[in-house]
Amino acid sequence: SILFGNVVALAQRDLKRMLAYSGIAQMGYVAIGLATFDGPAFAGILVFLAGYLATNVAAFLAVAALSGGEREPHPLADLAGMGRRRPFAASVLTLAMLSLTGLPPTVGFVGKLFVFRAAIDAGLVSLALVGIFGSLVSAGYYLRVIYMLWMKEPGRDVAVPEEDVLSGAAFLLVSAAILVLGVLPGRLLDMAREAARSLPF
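Counting from 1, residues in each chain are numbered in the order their sequence is written. Local features are withheld for residues below a pLDDT of 70 in this predicted model, meaning they are given only at 70 or higher, and side-chain atom pairs are given and counted only at 80 or more; totals for whole chains, interfaces and linings count all residues. The side-chain values count all of the structure's non-hydrogen atoms but skip hydrogen atoms and water molecules.

(A) Quick look at a nonpolar patch on the surface. The grouping of Ile 120, Val 125, Leu 129, Ile 132 and Leu 136 at the surface amounts to a nonpolar patch, some 460 Å² of accessible area in total. Note on conventions: DSSP H or I runs of at least 4 residues are helices, E runs of at least 2 residues are strands, and numbering of each starts at the N terminus. Among the elements that make up the nonpolar patch, the one with the highest residue count is helix α7 (residues 125–150) (4 residues). Along the chain, Val 125 turns up in helix α7. The rule is simple: take the accessible area with a 1.4 Å probe, protein chains only, and divide by the maximum for that residue type; under 20% is buried, over 50% is exposed, in between is partly exposed. Val 125 sits in the partly exposed class, given a relative accessible area of 40%. Candidates for patches are residues over 30% relative accessible area with no salt bridge; among them, like charges are joined within 9 Å and nonpolar side chains (Val, Leu, Ile, Met, Phe, Trp, Tyr) within 5 Å. Computed with the Shrake-Rupley method and a 1.4 Å probe, the accessible areas treat only the protein chains shown as cover for residues. We define a salt bridge as a contact between a side-chain nitrogen of Lys or Arg and a carboxyl oxygen of Asp or Glu at a distance within 4 Å.

Quick look at the structure:
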């Protein structure tokens, strides 16, 4: 799942298709924790899934704010120059891409760290190495989105919806979740450990 999802996502030129295939890879990281099958691994899975949920919500909210409509294609080329046109939404999408890559100080880094560490502690070093390699591959397409947003000149004018108070509040909420849970993951980890201990197996 990790290798297939990341390699196919790397070839995509439509943003939503790219995120869909990256989701396959992300579930592969969850499978590493399931293969470990112990308390720390399950706690790591719960932290990872909480971070993935916040990050994916942020990514799709930002994509909606930077595209012409839900029924239209979402080519990566249309993101060119959006950092200047819509800096708020572009910043949220940038943060989401960094979190999906697994870079600090985001919650995506914390989730992958716990999953990989649990696998290594259980002796599944090869699985952890596959996960790390997959994360390096994913950096190729996640960072390409950031490049398009901030460094690429726009090729055509793309109609985007007007920003409003509700979307701004949603952006602030998901961005805070990504950063706060990345910098201060203690409370989330405590909850995940308690939930893992409650499992009957």
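After that view, the rundown keeps rolling.
(B) Spatial organisation of the packing of helix α6 (residues 107–121) against α7. Helix axes use the C-alpha atoms of the stretch in contact, all axes being lines fitted to C-alpha atoms, and the angles between their N-to-C directions lie in the range 0 to 180 degrees. Direction vectors running N to C along α6 and α7 enclose 155°, while the axes themselves pass 7 Å from each other. In this view, α6 runs roughly antiparallel relative to α7, as classed from their interaxial angle. Pair α6 / α7 crosses with left-handed handedness. Counted together, Lys 112, Phe 116, Ala 119 and Ile 120 of α6 and Val 125, Ala 128, Gly 131, Ile 132, Ser 135 and Ser 138 of α7 form the full contact between these two elements. Under the grouping applied here, Gly and all other residues not named as nonpolar or charged are polar, the nonpolar ones being Ala, Val, Leu, Ile, Met, Phe, Trp, Tyr, Cys and Pro and the charged ones Asp, Glu, Lys and Arg. Tallied by class, the residues present in the contact of α6 with α7 amount to 6 nonpolar, 3 polar and 1 charged. Every angle not falling under 35 degrees, over 145, or within 65 to 115 is termed oblique; those three ranges are roughly parallel, roughly antiparallel and roughly perpendicular. Crossing handedness: left-handed means the near helix sits turned counterclockwise from the far one by under a right angle, and right-handed means the same turn made clockwise. Two residues qualify as a contact provided that any one of their heavy atoms is within 4.5 Å of a heavy atom in the partner residue.

(C) Representation of helix α2 (residues 15–36) within the structure. Its 22 residues give α2 an end-to-end C-alpha distance of 32 Å, which sits within 8% of 32 Å, the value for a rise of 1.5 Å per residue. Between the side-chain oxygen at the start of α2 and the backbone nitrogen of Lys 16 there is a gap of 3.1 Å, and the oxygen is on Asp 14. Remark: Phe 37 follows α2 within two positions and exhibits a positive phi of approximately 55°. To estimate how far a helix should extend, the number of its residues minus one is multiplied by 1.5 Å. Polar contact is the term for a pair of N or O atoms within 3.5 Å; when the atoms are in protein, one must be able to donate a hydrogen and the other to accept it, and sequence-neighboring residues count only if both atoms are side-chain atoms.

(D) Quick look at the pattern of salt bridges. As enumerated under the stated definition, the model contains 2 salt bridges in all. When the shortest N-O distance is used, the salt bridge between Glu 153 and Arg 84 registers 3.5 Å. A residue pair is termed long-range when its members are at least 10 positions apart, and Glu 153 in the loop between α7 and α8 (165–183) and Arg 84 in helix α4 (residues 82–85) qualify at 69 residues. For the salt bridge of Glu 194 with Arg 197, the shortest nitrogen-to-oxygen distance reads 2.8 Å. Note that Glu 194 and Arg 197 are positioned in helix α9 (residues 186–197) at a spacing of 3 residues, about one turn of the helix. By relative accessible area, Arg 197 is classed as exposed at 59%.

(E) Looking closely at the packing of aromatic side chains. Centres within 6.5 Å are what make two rings of Phe, Tyr or Trp a pair, Trp counting through its six-membered ring; a difference in plane orientation under 30 degrees is then read as stacked, over 60 as edge-to-face, and the rest as tilted. Counted according to the given criterion, the structure contains 6 aromatic pairs. Look at Tyr 29 and Phe 48: their rings are 6.1 Å apart centre to centre, the planes differ by 65°, and that puts the pair in the edge-to-face class. Placement of Tyr 29 in helix α2 and of Phe 48 in helix α3 (residues 39–65) is noted, with a sequence separation of 19 residues between them. The class for Tyr 29 is buried, based on a relative accessible area of 1%. Judged by relative accessible area, which is 4%, Phe 48 ranks as buried. Each ring, one from Tyr 29 and one from Phe 116, has its centre 6.0 Å from the other, and the planes form 75°; the classification is edge-to-face. A residue pair is termed long-range when its members are at least 10 positions apart, and Tyr 29 in helix α2 and Phe 116 in helix α6 qualify at 87 residues. For Phe 116, a relative accessible area of 11% puts it in the buried group. Members of the aromatic cluster, each reached through a chain of ring pairs, are Tyr 29, Phe 48, Tyr 52 and Phe 116.

(F) The environment of Tyr 21, seen in detail. With respect to the secondary-structure elements, Tyr 21 resides in helix α2. As a C-alpha pair, Tyr 21 and Val 8 span 13 residues in sequence and 6.6 Å in three-dimensional space. Ignoring anything within four residues of it in the chain, the contact list for Tyr 21 reads Phe 4, Gly 5, Val 8, Ala 9 and Gln 12.

(G) Main features of the side chain of Thr 101. Looking at the secondary structure, you find Thr 101 in helix α5 (residues 87–101). Under the relative-accessibility criterion, Thr 101 is labelled buried at 6%. Residues contacting Thr 101, with those up to four places away along its chain left out, are Lys 112, Ser 135, Ser 138, Ala 139 and Tyr 142.

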